[in-house]
Amino acid sequence: MSMFDKIDLHLIRVLHTVLTERNVSRAALKLGMHQPAVSAALKRLRELAGDPLLVRSGAGMVPTVAGLRMIEPAADILRSAEVMFSDARRFDPATARHTFSLAASDYLDPFFLPQLVIHLKAAAPHCAIDIHALSRDADYRAHLAQGTVDVVIGNWVEPPGDLHLGRLFGDEVVCLVSHQHPAVRRGWDEAAWLAAEHVAPMPAYPGARGFIDEHLARKGLARNITARCPHFGLIPAMVAGSLLVLTTGRQYAERYTAVLPVQVLPCPVNFPRMMYYQLWHERTHASAAGRWLREQIKHVAASLRQPEHVAPQEAA
């Protein structure tokens, strides 16, 4: 049996109390223990240390040189244990020093991540925030399981069943086009929309289909994608200067109508609402810091939603 296996937190607490009180009777009173039990623990500590730790000096007792060296390390261990378990039970954002790590797709509302960071920094000023791209190279399940990411935020046709999820909002599927697009003047039907030139994000992995194309495939349809871009935030500007069509959620599309020569058109294909979720692993489900983060994400998502597009939320 190693030395580590012979030491428990209770022994460290007895060690620190005896060395600071310099009296077995007072240490027993402070620890809420009977004096013989403290004496037995001190005997065990002396055997482990190979040193008397506390010796008589006149009418009292004083720590040995080895005992003096143990006072501060013992205090550090006790403080660390208290912080470790108290942090597991509660989270105080005003004083916490924690790193939050989340992965998010860039086809969310373009205001969402900036507002989330502003909100988190105001509520938890000493916490760091790492935001990772939810890219085609990212294995978000592995990152959640390994703890490198606390929360993943995005849109799924069918969210994975092996993770916890919280619904953030649902959104209507619409089209963003240039003011010069023929559909602005003539309108369009399903056939015209499918034949139009579409721009779409790069697939999450080779052969993968996103929400739009997965739904079309289930209906036996396919649109004419002539441009792909890995950076969703650049696509509206591409649409503004071309005849490309971006099909996405209304909340995302409407953010650009005031800053680019684009407008939102109804989509002639009937799509279900795009649902956005936050996903997390069982390992962080009971974490106080994790619960707090998920509540802030839900709060910011709710604050950005258009009132007419409110969808029910699930508890984080």
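Please refer to the structure higher up on the page.
The shown structure was predicted, so the numbers you read here are calculated from the model rather than taken from an experiment.

J.: Give a detailed account of the packing of helix 1 (residues 9-21) against helix 3 (residues 35-49), specifying residues and quantitative values.
T.: Relative orientation of the contacting elements helix 1 and helix 3 amounts to 100 degrees, with a least axis distance of 10 Å. The orientation of helix 1 with respect to helix 3, classified from their angle, is roughly perpendicular. Facing helix 1, whose interface residues are Leu11, Val14, Leu15 and Val18, helix 3 presents Val38, Ala41, Leu42, Arg44, Leu45 and Leu48. Class assignment of the residues belonging to the contact of helix 1 with helix 3 gives a composition of nine nonpolar, no polar and one charged.

J.: Describe the nonpolar core, naming the residues involved and giving the relevant values.
T.: Counting residues in hydrophobic clusters, the biggest one holds 41 residues, and the most contacted among them are Phe91, Phe112, Ile153, Trp188, Trp193, Phe271 and Ile297. The leading source of residues in this core is helix 12 (residues 288-304), at eight residues. By size, the runner-up hydrophobic cluster in this structure holds 20 residues, among which are Ile12, Val38, Leu45 and Ala74.

J.: Can you lay out the packing of helix 2 (residues 24-31) against helix 3 for me, pointing to particular residues and giving the numbers?
T.: Interaxial distance between helix 2 and helix 3 falls to 9 Å at its minimum, and their mutual angle equals 110 degrees. When the axes of helix 2 and helix 3 are compared, the pair comes out roughly perpendicular. Where helix 2 abuts helix 3, its residues Val24, Ser25, Ala28 and Leu31 lie against Gln35, Val38, Ser39 and Leu42. Considering only residue class, the contact of helix 2 with helix 3 consists of five nonpolar, three polar and no charged.

What counts, and where the lines are drawn
- In every chain, residue numbers begin from 1 and rise along the written sequence.
- Reporting in this predicted model follows two pLDDT cut-offs: at least 70 for local features of residues, and 80 or more for side-chain atom pairs to be given and counted; totals over whole chains, interfaces and linings ignore these cut-offs and use all residues.
- Remark: hydrogens and water are excluded; side-chain values derive from all non-hydrogen atoms of the structure.
- The axes are straight lines fitted to the C-alpha atoms, using for helices just the contacting stretch, and the angles between their N-to-C directions are given from 0 to 180°.
- The way it works is that DSSP assigns letters per residue, a run of H or I at least four long becomes a helix, a run of E at least two long becomes a strand, and they are numbered from the N terminus.
- Note that the term roughly parallel is reserved for angles under 35 degrees, roughly antiparallel for angles over 145, roughly perpendicular for angles of 65 to 115, and oblique for everything else.
- Contacts are assigned to residue pairs with any non-hydrogen atoms lying within 4.5 Å of each other.
- Note on residue categories: nonpolar means Ala, Val, Leu, Ile, Met, Phe, Trp, Tyr, Cys or Pro, charged means Asp, Glu, Lys or Arg, and polar means any other residue, Gly included.
- Here, the term nonpolar core denotes a set of buried Ala, Val, Leu, Ile, Met, Phe, Trp, Tyr and Cys residues that are joined through side-chain atoms within 4.5 Å.
- The buried label applies to any residue whose accessible area, calculated with a 1.4 Å probe on protein chains only, is under 20% of its type's maximum; exposed applies above 50%, and partly exposed to all values in between.

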